[in-house]
Amino acid sequence: RKEVEQDPGPFNVPEGATVAFNCTYSNSASQSFFWYRQDCRKEPKLLMSVYSSGNEDGRFTAQLNRASQYISLLIRDSKLSDSATYLCVGDGSSNTGKLIFGQGTTLQVKP
Amino acid sequence: DAGVTQSPTHLIKTRGQQVTLRCSPKSGHDTVSWYQQALGQGPQFIFQYYEEEERQRGNFPDRFSGHQFPNYSSELNVNALLLGDSALYLCASSLAVSSGANVLTFGAGSRLTVL
């Protein structure tokens, strides 16, 4: 079993839709979690960190449920420019820069 | 403010050959990590260098080796290339201090094709 698991999708949604991605992790000692965005053939870029209290950045909301070992990302009012792969990432119980990436979930927003 | 730079951007090798990839970290960063990203997969941690030493390593064979120089730049070497080594190799830099350790800046990557 992979340490961080995501549904690879693809998720095809119309502009303006709300879409949610989920991710589970197996290492209960993991402390920090992140969502990264990766455009086709480009490098991953940090989208946002994920906290138990939940955090919001504009149209994006991330949530961590430690009891269920579950992480989510909600995108409201989807834009064409949101089309990308979203990578769920954990720190594998270390705070040393060794990050554990999920497979990624592909989002395609259509006009 | 220069971010992470990697070279070469693309290269093609044949099985059995050796390859060296290079990375210059973001200004002010002292730690370099290397990741391998196969097509359709998330990046996988190869190893990390700090103070010119390998600090931690992922589940990769000894064919994968690296080096960090006094100016914090780094190289990734892969010997005896296999077809399965074809991937995007990503370099990420960060600060060793705990508050910055998990804040990675990635380079654009080196895309290796092994024929």
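Refer to the preceding data block for the structure.
For clarity, every value in this text was computed on a predicted model and none was experimentally measured.

It is worth spelling out the overall build of chain B at this point. Tallying secondary structure elements over chain B gives 0 helices and 11 strands in all. Here the C-alpha atoms of chain B give a radius of gyration of 13 Å, agreeing with the 13 Å that 2.2 N^0.38 yields for 115 residues. Its C-alpha atoms put chain B at 40 × 25 × 25 Å along the principal axes. Put simply, chain B has 115 residues, and 51% of those count as buried. In chain B, 53% of the contacts between residues at least 6 apart in sequence involve partners at least 24 apart. Of note, chain B has its 8 positive side-chain charges centred 12 Å away from the centre of its 9 negative side-chain charges.

Mapped onto the secondary structure, B:Gln48 falls in strand β5 (residues 44-50). Here B:Ser33 takes part through its side chain, which lies 3.2 Å from a polar atom of the side chain of B:Gln48. Those residues in contact with B:Gln48 that sit more than four places away from it in its chain are A:Thr96, A:Gly97, A:Lys98, B:Thr31, B:Val32, B:Ser33, B:Glu53, B:Glu54, B:Arg55 and B:Gln56.

Evaluation of the coordinates by the stated rule reveals 12 aromatic pairs over all chains. Ring geometry for A:Tyr36 versus B:Phe106: centroids 5.9 Å apart, planes at 90°, classification edge-to-face. One end of the pair, A:Tyr36, is in strand β4 (residues 33-38); the other, B:Phe106, is in strand β10 (residues 105-106), on a second chain. By relative accessible area, A:Tyr36 is classed as buried at 1%. Each residue in the set A:Phe34, A:Tyr36, A:Phe101, B:Tyr35, B:Phe45 and B:Phe106 is aromatic and connected to the rest through ring pairs, giving one cluster. Note that B:Arg55 overlies the ring of B:Tyr50, its terminal NZ or CZ placed 5.1 Å from the centroid.

Turning our eyes to something else, we now look at the interface of chain A and chain B. Of the residues lining the interface, 20 residues belong to chain A; the matching set on chain B comes to 22 residues. Both sides of the chain A and chain B interface together cover about 1,700 Å² of buried area, and 46% of this is carbon and sulfur. For the pair chain A and chain B, the number of links is 0 salt bridges. At the junction of chain A with chain B, the criterion picks out 4 residue pairs in polar contact (both at pLDDT 80 or more). In terms of residues, the side of chain A that touches chain B owes the most to one element, β4(A), which gives 3 residues. Per-class residue counts for the side of chain A that touches chain B are 6 nonpolar, 8 polar and 6 charged.

It is worth spelling out the state of the cysteines at this point. In protein chemistry, a disulfide is the covalent bond that joins the sulfur atoms of two cysteines. With the rule as written, the count across this model stands at 2 disulfides over all chains. Residue pairing for A:Cys23: its cysteine sulfur links by disulfide to A:Cys88, the two sulfurs lying 2.0 Å apart. On the sign convention where negative is left-handed, the bridge of A:Cys23 and A:Cys88, at about -75° about the S-S bond, is left-handed. You can see A:Cys23 sitting in strand β3 (residues 19-25) and its partner A:Cys88 sitting in strand β9 (residues 84-90), a full 65 residues away along the chain. There is no split in this pair, since A:Cys23 and A:Cys88 are both buried. Paired by a disulfide, B:Cys23 and B:Cys91 hold their sulfur atoms 1.8 Å apart. A torsion of -65° about the S-S bond marks the disulfide between B:Cys23 and B:Cys91 as left-handed.

Residue and element names in this part refer to chain B. Along the chain, Glu 75 turns up in strand β8 (residues 74-78). Of note is the side chain of Glu 75, whose polar atom sits 3.4 Å from the side chain of Arg 22. Those residues in contact with Glu 75 that sit more than four places away from it in its chain are Thr 20, Leu 21, Arg 22, Trp 34, Ser 65, Gly 66, His 67 and Phe 69.

On to the pairing of strand β5 (residues 44-50) of chain A. Residue and element names in this part refer to chain A. Inspection of the sheet shows β4 paired to β5 by 6 bridges, in the antiparallel sense. What sits directly across from Tyr 36, in β5, is Leu 46. What sits between β4 and β5 in their antiparallel hairpin is a turn of 5 residues, with Arg 41 showing a positive phi close to 60°.

Definitions and limits used
Throughout this description, residue numbers start from 1 for each chain and increase along the sequence as written. The lettering of chains begins at A and the numbering of ligands begins at 1, in the order of writing. pLDDT decides what is reported in this predicted model: residues at 70 or higher carry local features, side-chain atom pairs at 80 or more are listed and counted, and totals for whole chains, interfaces and linings draw on all residues regardless. Where side-chain values are given, they derive from all heavy atoms of the structure, hydrogens and water being excluded. Numbering goes from the N terminus for both helices and strands, where a helix is a DSSP run of H or I of at least four residues and a strand is a run of E of at least two. Taken over C-alpha atoms, the radius of gyration is set against a globule rule of 2.2 Å times the number of residues to the power 0.38. For the exposure calls, accessible area comes from a 1.4 Å probe over protein chains only, and a residue counts as buried if that area is under 20% of its type's maximum, exposed if over 50%, partly exposed in between. Contacts: residue pairs with any heavy atoms within 4.5 Å of one another. Charge counting follows a simple rule: Lys and Arg are positive, Asp and Glu are negative, and His as well as the terminal groups are ignored. For the purpose of locating charges, the reference atoms are NZ of Lys, CZ of Arg, CG of Asp and CD of Glu. In protein, a polar contact requires one atom able to donate a hydrogen and another able to accept it; more generally it is a pair of N or O atoms within 3.5 Å, and residues adjacent in sequence count only if both atoms are side-chain atoms. In summary, the pairing rule links any two rings of Phe, Tyr or Trp, Trp by its six-membered ring, whose centres are within 6.5 Å, and it sorts them by plane angle into stacked for under 30 degrees, edge-to-face for over 60 and tilted for everything else. Both a distance and an angle decide whether a charge sits over a ring: NZ of Lys or CZ of Arg must be within 6 Å of the ring centre and within 35 degrees of the ring normal. Buried area is understood as the total, over both parts, of accessible area removed when two parts are fitted together, assessed with a 1.4 Å probe. Just to be clear on terms, a salt bridge is a Lys or Arg side-chain nitrogen sitting within 4 Å of an Asp or Glu carboxyl oxygen. We call Asp, Glu, Lys and Arg charged. Ala, Val, Leu, Ile, Met, Phe, Trp, Tyr, Cys and Pro are nonpolar, and the rest, Gly among them, are polar. The rule for a disulfide is simple: a pair of cysteine sulfur atoms within 2.5 Å. By this definition, two strands are paired if DSSP reports at least two bridges between them.

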